[in-house]
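Overview (structure and organization)
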Amino acid sequence: MENNVCENNCDKVDRGSTKIDHVNGFNGCPFSEKVDNSVNEKKSVKSNLRLKVPAPLRLKNHLFSEENVDTLHSHIDDVTHFNTKCTEKVCQGSVMDIPGRGNSLRSQEDVTKDAQLFLRQYFSSIRRENTDAHMKRLHEVEKEIKTKGTYQLKTPELVFGAKLAWRNAARCIGRIQWKKLQIFDCREVTTASGMFEALCNHIKYATNKGNIRSAITIFPQRTDGKHDYRIWNPQLITYAGYIEPDGSVLGDPARVEFTEVCIKLGWRPPRTPWDVLPLVLSADGRDPEYFEIPREIVMEVHIEHPNYDWFKDMGLRWYALPAVSNMRLDCGGLEFTATAFNGWYMGTEIGCRNFCDANRLNIVESVAQRMGLDTSSYVSLWKDKALVEVNIAVLHSFHRDNASIVDHHSASDQFIKHLDNENRSRGGCPSDWIWIVPPMSSSLTAVFHQEMALYYVRPSYDYQEPAWKTHQWSNSDGNKPRRKFHFKQIARAVKFTSKLFSQALSKRIKATILYATETGKSEQYAKELGSIFGQAFNAQVQCMADYDMFSIEHETLLLIVTSTFGNGEPPANGVAFAEHLFQMLYNEKKNQNEQIDSAGYKTPTPKSLMRANSVMTPRNEYKRQLSRLESSRSNNEYKRTLSRLESNKSSLGGASTVEHIGPLSNICYSVFALGSSAYPKFCCFGKTVDRVLKDLGGDRLLDVNCGDEMYGQEQQFKTWSSNIFHVACETFCLEDDTVKNAQKSFGDLPLTKDTVRFSSVEKGLHMKSALETSYKRTLITCKVEENKCLGDCSTDRATIFVDMNVNDEFKYEPGDHIGIMACNRKEIVDTILLRLKDVDACDKPCQLQVLKETLTAIGAVKTWEKHERLPAVTIRELFTRFLDITTPPSTRVLKYLASVCTDTSDADCLKELVEDSTKYDDWRYHFYPHLGEVLKQIPSCRPQASLLAALLPPLQPRFYSISSSPLAHPNRVHITVAVVVYKTQNGEGSTHYGVCSTYLQSLTPGDEIIAFIRRAPNFHMPLDHSVPLILVGPGSGIAPFRGFWNHRRHLMENNSSEQYGPIWLFFGCRYKGMDLYKEEKEKAVKDRVISKAMVAFSREECVTKKHVQALLEDEGDVITKMLLDQGGHFYVCGDCKMAEEVQQKLKEIIKKHAKLSDVEIDDFILFLMEENRYHEDIFGITLRTSVVHTKSRETAKRTRLESGQSQT
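None of the values given here were measured: they were computed from a predicted structure.

Analysis parameters
Residues numbered from 1 in each chain as written. Predicted model: local features only at pLDDT ≥ 70, side-chain atom pairs only at ≥ 80, totals over all residues. Heavy atoms only, no water. Axes fitted to C-alpha atoms, helices over the stretch in contact; angles between N-to-C directions. Helix = DSSP H or I, 4+ residues; strand = E, 2+ residues; numbered from the N terminus. Parallel < 35°, antiparallel > 145°, perpendicular 65-115°, else oblique. Left-handed = near helix turned anticlockwise from the far one by under 90°. Contact = heavy atoms within 4.5 Å. Nonpolar A, V, L, I, M, F, W, Y, C, P; charged D, E, K, R; others polar. Phe/Tyr/Trp six-rings, centres within 6.5 Å; stacked < 30°, edge-to-face > 60°. Buried < 20%, exposed > 50% of the residue type's maximum accessible area, 1.4 Å probe, protein only. Expected span 1.5 Å × (residues − 1). UniProt positions renumbered as here; feature names shortened; annotations may be inferred. pLDDT = per-residue confidence, 0-100. Disulfide = S-S within 2.5 Å. Core = buried A, V, L, I, M, F, W, Y, C linked by side-chain atoms within 4.5 Å. Pairing = 2+ DSSP bridges.

Examining the packing of helix α24 (residues 767-775) against helix α26 (residues 875-882)
Where α24 contacts α26, the two axes come as close as 12 Å, and the packing angle between them is 60°. On the basis of their axis angle, the class for α24 and α26 is oblique. Crossing angle aside, the handedness with which α24 passes α26 is right-handed. Listed contacts from α26 to Met767, Ala770, Leu771, Ser774 and Tyr775 of α24 are Glu877, Arg881 and Phe882. Here the contact of α24 with α26 is built from residues that sort into five nonpolar, one polar and two charged.

Overview of the packing of aromatic side chains
Applying the stated criterion across every chain yields a total of 40 aromatic pairs. Between tyrosine 319 and tyrosine 345 the ring centres are 6.2 Å apart and the planes differ by 45°, which places this aromatic pair in the tilted class. Separated by 26 residues along the polypeptide, tyrosine 319 in strand β13 (residues 317-319) and tyrosine 345 in strand β18 (residues 345-346) bring together distant segments of the chain. Judged by relative accessible area, tyrosine 319 falls into the buried class, the value being 3%.

Re helix α4 (residues 108-125)
For α4, with 18 residues, the first-to-last C-alpha span of 25 Å sits near the 26 Å given by 1.5 Å per residue. Those residues of α4 lying buried are Val111, Thr112, Asp114, Ala115, Leu117, Phe118, Leu119, Tyr122 and Phe123. Taken from the residues just after α4, arginine 127 is the one with a positive phi, measuring 60°.

Notes on the UniProt feature "binding site: heme b" (unreviewed entry) in the protein
According to UniProt, the positions carrying the feature "binding site: heme b" (unreviewed entry) are Cys172. Along the chain, cysteine 172 turns up in the loop between α6 (155-167) and β5 (182-185). Ignoring sequence-local partners within four residues, the contact set of cysteine 172 consists of Trp166, Phe415 and Ile436.

Digging into the environment of glutamate 588
For glutamate 588, the position within the fold is in helix α18 (residues 575-589). On the basis of relative accessibility, which here comes to 31%, the residue glutamate 588 falls in the partly exposed class.

Details of the confidence of the model for the protein
Mean pLDDT over the protein: 83, with 81% of residues reaching 70 or higher. Within the protein, no element has a lower average pLDDT than helix α1 (residues 2-14), which sits at 38, and none a higher one than β13, at 98. Taken together, the stretch residues 628-659 has pLDDT below 50 and engages in 77 contacts with residues farther than four places along the chain or on a different chain.

Quick word on the state of the cysteines
If you walk through the whole model with that rule in mind, you get zero disulfides. The structure places no disulfide on cysteine 352, whose sulfur is separated from the nearest cysteine sulfur, that of cysteine 356, by 6.4 Å. Cysteine cysteine 996 shares no disulfide, and the gap to the nearest cysteine sulfur, in cysteine 823, comes to 9.0 Å. Classification of cysteine 996 by relative accessible area gives buried; the value is 2%.

Focus on the nonpolar core
Of all hydrophobic cores here, the largest spans 108 residues; its most connected members are Phe219, Phe355, Phe533, Phe537 and Leu557. Apart from the residues within four sequence positions on either side, leucine 557 is in contact with Lys510, Ala511, Thr512, Phe533, Phe537, Cys668, Leu701, Ala728 and Phe732. Judged by nonpolar contacts, the second largest core, of 80 residues, contains Met767, Ile780, Leu870 and Leu951.

Overview of the sheet that holds strand β17 (residues 339-342)
Read from one edge of the open sheet, four strands run β5-β6-β17-β14, paired in mixed fashion. The two strands at the open ends of the sheet, each matched to only one other strand, are β5 and β14 (323-324). Pairing between β5 and strand β6 (residues 215-218): four bridges, direction parallel. Residue pairing across strands places phenylalanine 184 opposite threonine 217, the latter belonging to β6. Helix-sheet contacts for α6 involve β5, β6 and β17, and the interaxial angle to β5 is about 130°. Sitting on the sheet, helix α7 (residues 192-207) is in contact with β5, β6 and β17, with an inclination near 175° to β6.

Here is the structure:
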């Protein structure tokens, strides 16, 4: 039998090769210390061309006749300083020890070299190699090494290094999960008791009630070799082994030596077969201390067989968490000698090795006898039969207890998948065949037939000598300290210290909170969430626009708070974030897909994925596009299908298969989406982010929660923030005390009268500079040249034209927007200022300051600092230009106002609104009161000016489509503005005015406006002037198109030889008197600038009532030809409901005239978007008219319920 095996192995090497000593182009073992490179040099180096050419290793899978090419090994010199133990004549691949650099201290030169190599890998991983950030960090490290002899890794670098070390672990079959590793950075721990608490937290987190989560805890690095941190246990959880008088072993024979060490330290064991050994820990080179592990945090699986009842009588059990704790992390030239790392078990590790190895529990013969097998002869294969049944029992028992475990066949298939992934992504995968191949049914697994290349790269996990063999005892006589610590005793003895450490441990878990907003509401909620999570986590709040997206793969907990802009699109400061997410999704799904699908259209790119997801029916269209990406995969990509077998229950957060392990698989996340159910694409962007994060492998902690502006948004946020906090604390196993302390802050105002104040300043900022500081934008100053009414103006409906002369340098293109920094109405500001207290003078400049507390080495230090957003201006200017006082006050503001009422009836009235979300929403939407009206209703309220200013949201700029052309109107900007005036209480209440539109209406020639340009590149005119343009813009939606035809006129007048395509304009309004720019349009048609201008009147007497959709249908045949045959562009400008209806009508038109199916017409719209030929400029619905207001209010609850169902 042995000869046959030998012959089979020789066949594998000999097949297709004439000389065994020349393999893969190498003369001898390519990984030995001495390699004859003469053959390689002859092949790869030409005369006068001394270039190092990597020699690829061709690795064949003899089961599938497939071949991988490994080129990663050729970079060994770049990432490690040693090779395997093989020589040119002897292969030592089966030797247990992994070659390392020994236990000697490293020189500064070695540390510097390794640091340089590691930082190159790190910055390459975040696509920042050779950037200023890379060079700056490199210089910092080199300087620190030169000064101190070592350096400190930043947390993201350590996270990257720990994951990469698992990825590089040549002997691990489960590396496909490497991205899911959770890192606990415990480098600030300085005591053994601190180490113990951190490891208990690791055990609880990783066990996760059986749904094992991969994790590593890392303690301080080696310094001088005399102050090492060590975990003496080979694994965190192990069973003791005792030598009996008769020479037999009670318990685990592999742990006899370490059990004796524990006993010498003073441990008094119960002496049963299943005693869990204590944790033996040494901190900072001090003598070890031992700690009893609380049995309640150790999950044990009692073994029984599905068919043999007698099996449970054997009394077998095993722990669910395999946490290796005796290895050293080598990362960036630094050595972390105390680490605890866990994945989850492969069944054979317990069933074959732990239970059946002759030097372990060795139960094979006992099981065989109970099975009634003939054990007198090997020919009966009794060992094999018994071994299989033992492994069946292990898998069965773990599944019974819902404990993660993977069978060896699934693990082998997963490793082959991982091997394929690694060869595609980095050109190789170091693998130790001897360790990868399972110990049972080896040739039945795919890995047995797979050639592998063994080499070692850094970062890595290395073996190190047992601590009890190398520790330098402080007692020169060798007497060991006898110190015993029970978990409860430690909790009592160091309760205060433990509590502090627990808080520090929790705050090492980073919670990144990202927001995107147009109005500031999402930012407000995100900061409130940051205050809540800051009680238990290292919470960091950032705008999506400021976030470094290349860091997202290294996050642990990600919370998203975002609104939706226009027709389902991201807010302006969330666009880059969305594009990057879709790019990641595209790369992940597109990995080996063909570029062109069967329909002939291009595979959707990130841009079209994002736009289509917002413009079309979100959920179905999103899924359909992903299916297109997947369906375009080559049918011959794999000759085997890797499916999840029943035994593979290993997962993190319920990921269904190993194929779904995406780049964000280590992230736990949740999304709170803000929106209004009056919009067709309610909370679409938030839902989109939620789905994309899930498809990228993220672990969704809570389903996306939608806060409806029309009904109960604040209550929705309060409920979600509380729920996600509790789930996050439970997920990361934070202590109950930490959660309870954080709960006390729920509902508290973030600021108080004692933490905010106004401080006088000698001189305030110039208004433009002040606005630039507050809004972090570069602004321009404009002077009004003309301000006139367009068409017939009525008291409740008017449209104005404003011509502005710009004094500063600026650029724009037709289709761009201008953001106006508006002013609140003077009468509202005056009403508020009269009610404020602690204000000496409203017209003297002052600076709002906030009292902040900073923890330092000498304790907490409190300092007054400038408010992050509000600049040094007068109080009147603050309430006029910087604070939103017209939106109904939030419950947070109402809560403060109630606290400063001297009349209890006033206070009770406000408290009722704060405590009852239904009443608050009814009050908010029926009365829609501004702050001045609220103060009038509660005359006893005298708020503190500084605190009120700190609590109010910022006054947001208003955006308008530019109605001019930079060519036709140099140094000028024109805008078309619909003036907003409405009555509250369903038309029966007080008159309210739009903040910006009425501000603009009040301006006269010579007045100044402060503004900025916002580009809208997706709404620009095409560079090819010959293609047709179809423009659809009812009402003030005509604004950008006026800029289009003026721009075209200028081009035609200055370059008459060029060919210009037709422009068709579709305009709609209620009455003939509201036909905006009527004379200009007629002249443009007469001059052939516009080819055709059509108008639809929806309420004009004696005229057929039409909307623009009907005009499109009338011209459907020509429109279809323009878009299908002539490369035409389709533009829509208006509110989102109109845009939705226009798109549906366009689909009907093209479907009818081009005779396309539903799928084909959807594909064609996608094609137009991908070609940037379908353009939308969407603005919000004006909800202040009584008709729209009432309708939206009545349907808000139903819409929210429907949207909630659509998420499931």
